[in-house]
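# A structural walkthrough
Below are the chains, spelled out letter by letter.
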Amino acid sequence: MTEYGITGYGAYVPRLRLERAAIAAAHKWMAPNLRGLAKGERAFCSWDEDSITMAVEAARDALGTDSREGIGALTLASTTLPYADLQNSVIAIGALALGHLVSGTDVAGSQRAGLSGLARAMEMSGSNQLMLAADRPRAKPAGTLEMAYGAGAAAFRLGSEGVIARKIGSATIAEQFIDHFRSADHDHDYFWEERWIRDEGYAKIIPRVVSAALDQAGIAAGDLSTLVMASPLKGSAEMIARKIGFDGKVSDSLNDDVGYAGTAHPLLMLASELEQAKPGDRILVIAFGQGAEALILEVTDAIADFKPQRGFSGAVADKVSTTDYLRMLSFYGELDAEWGMRSEKTGKAALTNLYREADQLSAFVAGKCGSCGTVQFPQLAYCVNPECKAPAAGFTQVSLSDEPAKVLTFTPDWLSYYPSPPLYVGFVQFDIGARLLMEIVDVGPDGLDEGTPLRMAYRIKEPDTQRGFNRYFWKATPVATGA
Amino acid sequence: MAKGIKDKVAILGMGCSKFGEHWDKGTEDLMSEAFEEALADAGIERDQIDAAWYGSALDNVNVGNSAIPASTALRLDGIPVTRLENMCATGTEALRGAAYAVASGAVDIALAIGAEKLKDTGYGGLPAPFKGTFNDLWLPLGSAPAGFAQLAGGYRHRYGTSKEDLKKAIAHVSWKSHVNGVHSPKAHFRKEVPMEKILNAPMIADPLGIFDCSGVSDGSACAIVTTPEIARALGKKDLVTIKAIQLSISSGVESTMSDWDGSHVRNTRNAAKRAYEEAGITDPRSQISLAEVHDCFSITELVTMEDLGISEDGGAVKDYLDGFYDRDGPVPCQIDGGLKCFGHPIAASGLRMAYENYLQLLGRAGPRQLESPSIGLSHNLGGVPYLGIAAISILGLA
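Residues numbered from 1 in each chain as written. Chains lettered and ligands numbered in written order. Predicted model: local features only at pLDDT ≥ 70, side-chain atom pairs only at ≥ 80, totals over all residues.

Naming follows an unreviewed UniProt entry, where chain B appears as Acetyl-CoA acetyltransferase of Aurantiacibacter rhizosphaerae.

As recorded in an unreviewed UniProt entry, chain A goes by the name Hydroxymethylglutaryl-CoA synthase family protein, listed as coming from Aurantiacibacter rhizosphaerae.

From N to C terminus, chain A includes twelve helices and 23 strands. Computed over the C-alpha atoms, the radius of gyration of chain A is 23 Å, within 12% of the 23 Å expected from 2.2 N^0.38 for a compact globule of 483 residues. Counting over 483 residues, chain A shows a buried share of 51%. Contacts in chain A between residues at least 24 apart in sequence constitute 72% of all its contacts with a sequence separation of at least 6. (Helix = DSSP H or I, 4+ residues; strand = E, 2+ residues; numbered from the N terminus. Rg over C-alpha atoms; globule rule 2.2 N^0.38 Å. Buried ≥ 20, exposed ≤ 12 C-beta atoms within 10 Å, placed from the backbone. Contact = placed C-beta atoms within 7 Å.)

With that out of the way, let us pick up the overall build of chain B. Helices and strands together make up the secondary structure of chain B, namely 14 helices and eleven strands. Its C-alpha atoms give chain B a radius of gyration of 19 Å, within 12% of the compact-globule value 21 Å for 398 residues. Taken along the three principal axes of its C-alpha coordinates, chain B extends 55 × 45 × 40 Å. With 398 residues in all, chain B has 61% of them scored as buried. Put simply, of all contacts in chain B between residues at least 6 apart along the chain, 78% involve residues at least 24 apart.

Moving on, we get to helix α9 (residues 266-279) of chain B. Residue and element names in this part refer to chain B. Here α9 contains 14 residues, and its C-alpha end-to-end distance of 20 Å stays within 8% of the 20 Å for a straight helix at 1.5 Å per residue. Within α9, the full set of buried residues consists of Asn 267, Thr 268, Ala 271, Ala 272, Ala 275, Tyr 276, Glu 278 and Ala 279. With its buried residues spanning 155° around the axis, α9 presents them on a single face. Buried positions along α9 lie against β8 (240-249), α10 (284-287), α11 (298-307), β10 (375-384) and β11 (387-397). Immediately beyond the C-terminal end of α9, within one or two residues, lies Gly 280, with a positive phi of roughly 75°. (Expected span 1.5 Å × (residues − 1). Arc of directions from axis to C-beta.)

This part is about the sheet that holds strand β18 (residues 395-399) of chain A. Residue and element names in this part refer to chain A. Strand order in the open sheet made by the three strands is β17-β16-β18, with antiparallel pairing throughout. At either end of the open sheet lies a strand with only one pairing partner, and these are β17 (375-376) and β18. As defined by bridge partners, strand β16 (residues 365-369) adjoins β18 across five bridges and the pair is classed as antiparallel. By the bridge assignment, Ala 366 is partnered in β18 with Val 398. (Pairing = 2+ DSSP bridges.)

Looking now at the UniProt feature "domain: Thiolase N-terminal" (unreviewed entry) in chain B. Those residues carrying the UniProt feature "domain: Thiolase N-terminal" (unreviewed entry) are residues 20-226 of chain B in this numbering. For residues 20-226 of chain B, the helix share is 38%, the strand share is 14%, and the end-to-end C-alpha distance is 30 Å. (UniProt positions renumbered as here; feature names shortened; annotations may be inferred.)

Let us look at the interface of chain A and chain B. Accessible area lost upon the coming together of the parts is a frequently used measure of interface size. Between chain A and chain B, the contact holds 40 residues from the first and 33 residues from the second. Of all the elements in the fold, those that place two or more residues in the side of chain A that touches chain B are α11 (351-356), β19 (405-413), β20 (423-430), β21 (435-440) and β23 (469-478) of chain A. In terms of residue class, the side of chain A that touches chain B is made up of 20 nonpolar, eleven polar and nine charged. (Nonpolar A, V, L, I, M, F, W, Y, C, P; charged D, E, K, R; others polar.)

What follows covers the pairing of strand β2 (residues 16-19) of chain A. All names here are of chain A. Of the strand pairs in this sheet, β2 and strand β15 (residues 320-322) are connected by three bridges, and their pairing is parallel. Directly across from Leu 18, in β15, lies its bridge partner Thr 322. Bridge count for β2 against strand β3 (residues 41-43) is three bridges, and the pairing is antiparallel. Opposite Leu 18, over in β3, you have Arg 42 as the bridge partner.

Residue and element names in this part refer to chain B. When cut into domains, chain B gives domain 1 (10-125 + 218-239) and domain 2 (144-213 + 241-397). Between domain 1 and domain 2, the C-alpha centre-to-centre distance is 23 Å. Taken together, the elements giving at least two residues each to the side of domain 1 that touches domain 2 come down to β1 (10-16), α3 (90-104), β4 (110-116) and β7 (219-226). Of the residues forming the side of domain 1 that touches domain 2, the biggest block, eight residues, is contributed by α3. Residue composition of the side of domain 1 that touches domain 2, grouped by class: 21 nonpolar, ten polar and six charged. (Domains from an automatic or database assignment.)

Below, the discussion takes up unusual backbone geometry. Residue and element names in this part refer to chain A. Between Phe 377 and the following residue, Pro 378, the backbone shows a cis peptide bond with an omega angle of 0°. Note that the residue after Pro 421, namely Pro 422, is joined by a cis bond; omega there is -5°. Here Pro 422 lies in the loop between β19 and β20. The phi angle at Leu 254 is positive, at roughly 65°, despite the residue not being glycine. By the element assignment, Leu 254 lies in the loop between β12 (249-250) and α8 (265-276).

Moving on, we come to the environment of Leu 95 of chain B. Residue and element names in this part refer to chain B. Tracing the sequence through the fold places Leu 95 in helix α3. Expressed as a C-alpha distance, the spacing of Leu 95 and Ala 244, which sit 149 residues apart in the sequence, is 11 Å. The contact partners of Leu 95, leaving out residues within four places of it in the chain, are Ala 112, Ala 223, Ile 245, Gly 350, Leu 351, Ala 354 and Ser 393.

Moving on: the UniProt feature "domain: Thiolase C-terminal" (unreviewed entry) in chain B. Under the UniProt annotation, "domain: Thiolase C-terminal" (unreviewed entry) lies at residues 257-384 of chain B. Secondary structure across residues 257-384 of chain B divides into 43% helix and 10% strand, with the first and last C-alpha atoms of the span separated by 16 Å.

Quick look at the domain arrangement of chain A now. Residues and elements named next belong to chain A. Considered domain by domain, chain A is made up of domain 1 (5-301 + 312-331), domain 2 (365-399) and domain 3 (400-478). Here the C-alpha centroids of domain 1 and domain 3 sit 28 Å apart. Facing 15 residues of domain 1, the contacting portion of domain 3 comprises twelve residues. Those elements giving two or more residues to the side of domain 1 that touches domain 3 turn out to be α2 (51-63) and α3 (88-95). For the side of domain 1 that touches domain 3, the leading source of residues is α2, giving three residues. Per-class residue counts for the side of domain 1 that touches domain 3 are seven nonpolar, three polar and five charged.

On to the packing of helix α5 (residues 163-181) of chain B against α11 of chain B. How two helices pack is summed up by the angle between their axes together with the distance between the axes. All names here are of chain B. The interhelical angle for the contact between α5 and α11, taken along N-to-C directions, is 100°, at an axis separation of 8 Å. Considering their axes alone, α5 and α11 lie roughly perpendicular with respect to each other. Taking contact as the criterion, the partners of Ala 169, Ile 170, Val 173 and Ser 174 in α5 are, on α11, Ser 298, Ile 299, Glu 301 and Leu 302. For the contact of α5 with α11, a count of residues per class yields five nonpolar, two polar and one charged. (Axes fitted to C-alpha atoms, helices over the stretch in contact; angles between N-to-C directions. Parallel < 35°, antiparallel > 145°, perpendicular 65-115°, else oblique.)

Below, the structure is given as structure tokens:
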């Protein structure tokens, strides 16, 4: 039987990072003890990022410029999917230009959805798959979870050619143990006492699932090289290592610079570990939630042949740090600020038009004129070149999403309503000749300049808060320096 | 090119409301104010008007769409009234419609009126326009100053102008308009503004500060046009005729192809070429007596003077700093204070500019009067520099 396993991986962490000291300082009057947690930074989503956009970015990191052909399925795991009834994964399929013969599946509902999704995907075979997990858990201001939570996404390519990690064991346990919950109509998690979760939950349930997975793999804890255990509770992984008798490498919790990224977190940690893994390494990945999931992977020789675009380490290094705590609150809907009358416009999207232009909009597809070669976005009925004007029927389709581009002109606009002022808006000139006016996002303290290199990012173009609909499109963002 | 309309249409009368924040007046009041002045100036009765072209740009804060609001406000009973909209070129488009009707012989006397009520929004600046269902899905919605601010980087990059020099030149643009506006009783703002205040004003869209932006106001302006023969038969001696009205609209070249460098407005150049050909102007720098151009933002006016061929390419910074466009310079620009002092009730502006040229040509501009001007140019720029509409009208003595 042909081997089937992980053939690639990628990661995404939002560029925006908040210094935890700023959170603690804001709550000093009511929660002075938060100061003890006020170390490092946590990632947070910009107003235009959600679990779909983060998942798309992680997938782009894993796919690079490789052909999308042959990917037959995409699974998206998250507990913060923007839609309750609208296949979120299909939006990712469109953005990634995977074509139409792709099976999209959304997996949700618990902190182990990401790892369970990966384990189930690895039990399949046949066509290539993408397993994506993304989360942006939301915490009430001044709780310890606000300090612990972050945001991020991970992506795994699965297939039978170039397997870099194979599954050698897995197990799942279902338990009526409710450490926390969030009902469908609530914004925040409700947690029980940490000591109970750790002692009665983690310490008793996880060793059982690990034992079952080790049995399936036919190995002992001492044969493992790395333990990946995700939890927003500090020190949990080390405690589990002691319980199962493992004294190898306990994977870093990513607390210092990312924070806990919900159901994506074990996969984000795994993506980070694979960046450093050697052939023969055996990695145990654990996720907890109404029971637990354990997955044991064995790294193959092919690990040396795969490199993500920039990987977890590149994503972490590419950051814009801030101490603006209220900015995070505003982006997460915790602060209803006065945005003025200009914010009162309607954001209603014509779904009919959205469907007519789905290819152009979702995968940022420009047309290249067959007569004169002009690359143009948007594509209208005739070529834009005044010397040509050939019908669009002769255009070939070119996605601009990975094309290099630069700032031609720009301005920071303080007048328009924009959830993260100022709105940087300017002309983006692509090396292949296309040009359009775009929003430029995640601009750091150094600002922009004419000629600044840009990359494209899939983002929420505009939310329709009245109807609860996000329209997505591509924006430009400065290429990270040093990443 | 076709023969054009040079000297085929004369201005019989014009009117202009006071521009400003008219909390106590609706669009209908503003229209009637301009209309009554124009009727008196033309020396005709309302019923002598054969057809009307009415421009209004923003439906959502004005009187709504169609020609009905103008027809009911002015009681234009039983005649054809056309409503049109072409962004900031709307007023000039109304004049073009009326002029073409007269030139064709279809009507004897036609009315062009533009009116806009912007101060019913509840906030400063212009409301965001609807871009269409498809554009809405991808095109970022920057503000008007953000659209025009793109010119600054493009201009600096092309001519190697420093940020400081360009800021100084565009500050001069606004400064001289405020100096001029003091003498315009119908202007919204009639105070000089010190250069320091202009240079240090809060930023709206870099490098445009608050004083680099035109005002927002309510207003209306109108023209009554006829043939030179009818004008003379009605007793007019000094005639102002239309020498040219031309437009150019973006087809996507600047915003989609990679040629445009952001330093100029292609549409203004195209429209100017056509207008100069129609009017028979070969050397605009020496032939144009005064210019009322679209100073929605200071950078727009600076670039426009190069696009019109009055300054040479890259030469506008020096021309402005030298006072070339000041009231005592060779080509006074915005002698009435421009959009800067009048504000910019969208559909009224083109006709307001023509009104000033008309008064100047007839020697009726009072304290603003220039010495024997013979050709007055007005220019509008709708939309944004890279996706918009340029309109030019040239008036002169017959």
